Amino acid sequence: MQTSFKDYLLLHLIVLIWGFTAILGVLISLPALELVFYRTLIASVGVALLFVWKRKNILIPTQEMWKVLGTGILIALHWILFFWSARMATVSVCLAGMATTSLWTAFVEPFFNRTKIKWYEVALGIMVISGLVVIFNFETGYWLGLAMALASAFLAACFSVINGRLTQKHDPYQITFYEMTGASMFILAFMPIYAAYLTDGKGIQWAWQGFDWFWLLILGGVCTVYAFSVSVDLMKRLTVFSINLTINLEPVYGIVLAVLIFGEREKMTSEFYLGTLIILISVLTYPVLNYWNKRRKAVRTLG
């Protein structure tokens, strides 16, 4: 299927929605792991109800089902490491580490698809890292938190590439259902370890407070069911690298939304604008370089 300008606009809408998840993380009182569990559980139930309403078959072959459920475990590990990194280090260190997702993808995607590594994808990935380092004032001394963020970014690259292949066989909402089910089941199985060693003796906090239920529905429905499913569908037409490169704008959109919602509580420095400019240049440069590379190959083939 051919890529259209509408696909790129839709991708940026999805990234904007994901940027809003940072706001929801502040509004919801639950700790990170419980929040992720509810998010994936609500998403899996929401997709199941959607299939019942549309009277469509949600089942896929058993062998394929285990593959998609297994990918959900990667997603769960990605989210756990992401939030754990922010707790062990700082949000800035965590996001700086997550900026390596596009760089990891530049190596992981060619490995899975048995294609050559593109030099400009590696260069743009490094460029994105430099932009986010400028924005978040990269801090040293948090090697454990940074290692977790790097591992989370690597897992994000892996499951994105896997989804790029799964979407060629299955409906995006089928993929979302089984991945969110696999993620929630894995987190539930991980809960005893979490309760015993990672809660400082407080145990698991299941109870909702105030409007937590409403924000969780937004997080699970709009930010996960809709946004995640559409992002998987876009993988039919956009490369995994171009998607992950654009996703690097998520923290930028998140900060802009935070300023609009919380006002003076969120202040942007000159470094923010410089870092944003670097990221925008890298995102806008990719389609140009990709087009130029395809034209060069076409000319070489004709020659």
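Residues numbered from 1 in each chain as written. Predicted model: local features only at pLDDT ≥ 70, side-chain atom pairs only at ≥ 80, totals over all residues. Heavy atoms only, no water.

Novice: Just give me the short version of the environment of H170, but keep the residues and values in it.
Specialist: Summarising the element assignment, H170 is placed in the loop between α7 (143-166) and α8 (172-197). By relative accessible area, which is 9% here, H170 ends up buried. Here the alpha-carbon distance between H170 and F211, two residues 41 residues apart in the chain, equals 35 Å. In contact with H170, other than residues within four places in its own chain, are I60, P61, E64 and I175. Here E64 takes part through its side chain, which lies 3.0 Å from a polar atom of the side chain of H170. (Helix = DSSP H or I, 4+ residues; strand = E, 2+ residues; numbered from the N terminus. Buried < 20%, exposed > 50% of the residue type's maximum accessible area, 1.4 Å probe, protein only. Contact = heavy atoms within 4.5 Å. Polar contact = N/O pair within 3.5 Å; in protein donor to acceptor, adjacent residues only side chain to side chain.)

Novice: Please give an account of the packing of aromatic side chains that cites residues and values.
Specialist: A complete count under the given rule lists ten aromatic pairs for this structure. Both rings, one in W119 and one in Y120, keep their centres 5.7 Å apart while their planes meet at 85 degrees; by these two values the pair is edge-to-face. With a relative accessible area of 55%, W119 lands in the exposed category. Assessed through its relative accessible area of 1%, Y120 is described here as buried. Centroid distance W213 to F214: 5.9 Å. Interplanar angle 75 degrees. Geometry classified as edge-to-face. For W213, a relative accessible area of 42% corresponds to the partly exposed category. Pairwise contacts between aromatic rings join F37, Y38, W206 and W208 into one cluster. (Phe/Tyr/Trp six-rings, centres within 6.5 Å; stacked < 30°, edge-to-face > 60°.)

Novice: Outline the layout of surface pockets, listing residues and values.
Specialist: Space inside the second largest pocket adds up to approximately 520 Å³. Along the wall of the second largest pocket there are 23 residues; nearest its centre are T115, K116, K118, E121 and K297. Counting only elements with at least two residues in the lining of the second largest pocket, the list comes to α5 (101-113), α6 (119-136), α7 and α12 (270-302). When residues in the lining of the second largest pocket are grouped by element, the largest group, four residues, is from α12. (1 Å grid on protein atoms, 1.4 Å probe; cavity = no way out; pocket = protein on both sides within 12 Å on 5 of 7 lines; lining within 4 Å. Points joined across faces, edges and corners; volume = space filled by probe spheres on them.)

Novice: Lay out helix α2 (residues 32-54) with the relevant residues and their values.
Specialist: The first and last C-alpha atoms of α2 sit 33 Å apart over 23 residues, in line with the 33 Å expected at 1.5 Å per residue. Residue R55 follows α2 closely and has a positive phi angle near 55 degrees. (Expected span 1.5 Å × (residues − 1).)

Novice: Outline α8, listing residues and values.
Specialist: One full turn of an α-helix is made of 3.6 residues, so residues set three or four places apart face in the same direction. In a regular helix each residue adds 1.5 Å, so 26 residues correspond to 38 Å; α8 covers 36 Å between its end C-alpha atoms and thus fits that length. The axis of α8 is deflected most strongly, by about 40 degrees, at F190, and proline P192 appears within four residues downstream. Sitting at the amino-terminal end of α8 is D171, which places a side-chain oxygen 2.8 Å from the backbone nitrogen of Y173. (Bend = angle between axes of the 7 residues up to and from the residue.)

Novice: Lay out the confidence of the model for the protein chain in plain terms, naming residues and giving numbers.
Specialist: Overall, the prediction assigns the protein chain a mean pLDDT of 82, with 91% of residues at 70 or greater. When pLDDT is averaged over each helix and strand of the protein chain, the minimum, 70, is found for helix α4 (residues 91-98) and the maximum, 91, for α8. (pLDDT = per-residue confidence, 0-100.)

Novice: Give me the lowdown on the pattern of salt bridges, citing residues and values where you can.
Specialist: Applying the stated criterion across every chain, the model contains six salt bridges. Residue K67 pairs with E64 through a salt bridge whose shortest N-O separation is 3.4 Å. A residue pair is termed a helical-turn pair when its members lie 3 or 4 positions apart in one helix, as K67 and E64 do in helix α3 (residues 62-88) at three residues. For K67, a relative accessible area of 41% corresponds to the partly exposed category. With its nearest N and O atoms 3.3 Å apart, the salt bridge here joins D233 to R237. Through salt bridges with shared partners, a single ionic network connects D7, D233 and R237. (Salt bridge = Lys/Arg side-chain N within 4 Å of Asp/Glu carboxyl O.)

Novice: Go over a nonpolar patch on the surface, please, and point to the residues and values.
Specialist: A surface patch of nonpolar side chains, amounting to about 550 Å² of accessible area, comprises W208, F211, W213, F214 and L217. Summarising the element assignment, W208 is placed in the loop between α8 and α9 (212-234). (Patch = residues over 30% accessible without salt bridge, like charges linked within 9 Å, V, L, I, M, F, W, Y side chains within 5 Å. Areas by Shrake-Rupley, 256 points an atom, 1.4 Å probe, with all protein chains shown as cover.)

Novice: How would you explain the side chain of R39 if you had to name every residue and give the values?
Specialist: By the secondary structure assignment, R39 is in helix α2. Not counting residues within four places of it along the chain, the set of residues in contact with R39 comprises W18, T21, W79, L219, G220, C223 and T224.

Novice: Can you break down unusual backbone geometry residue by residue, with the values?
Specialist: In this structure, R55 takes a positive phi of about 55 degrees despite not being glycine. Since its relative accessible area comes to 80%, R55 is described here as exposed.

Novice: Go over the packing of α8 against α9 with me, naming the residues and quoting the values.
Specialist: Two numbers describe how α8 lies on α9: the axes approach to 8 Å, and their chain directions differ by 125 degrees. Classed by the angle they form, the pair α8 and α9 counts as oblique. Considering only the axes of α8 and α9, their crossing is right-handed. Facing α8, whose interface residues are P172, Y173, I175, T176, E179 and M180, α9 presents T224, V225, Y226, F228, S229, V232 and D233. Here the residues of the contact of α8 with α9 sort into eight nonpolar, three polar and two charged. (Axes fitted to C-alpha atoms, helices over the stretch in contact; angles between N-to-C directions. Parallel < 35°, antiparallel > 145°, perpendicular 65-115°, else oblique. Left-handed = near helix turned anticlockwise from the far one by under 90°. Nonpolar A, V, L, I, M, F, W, Y, C, P; charged D, E, K, R; others polar.)

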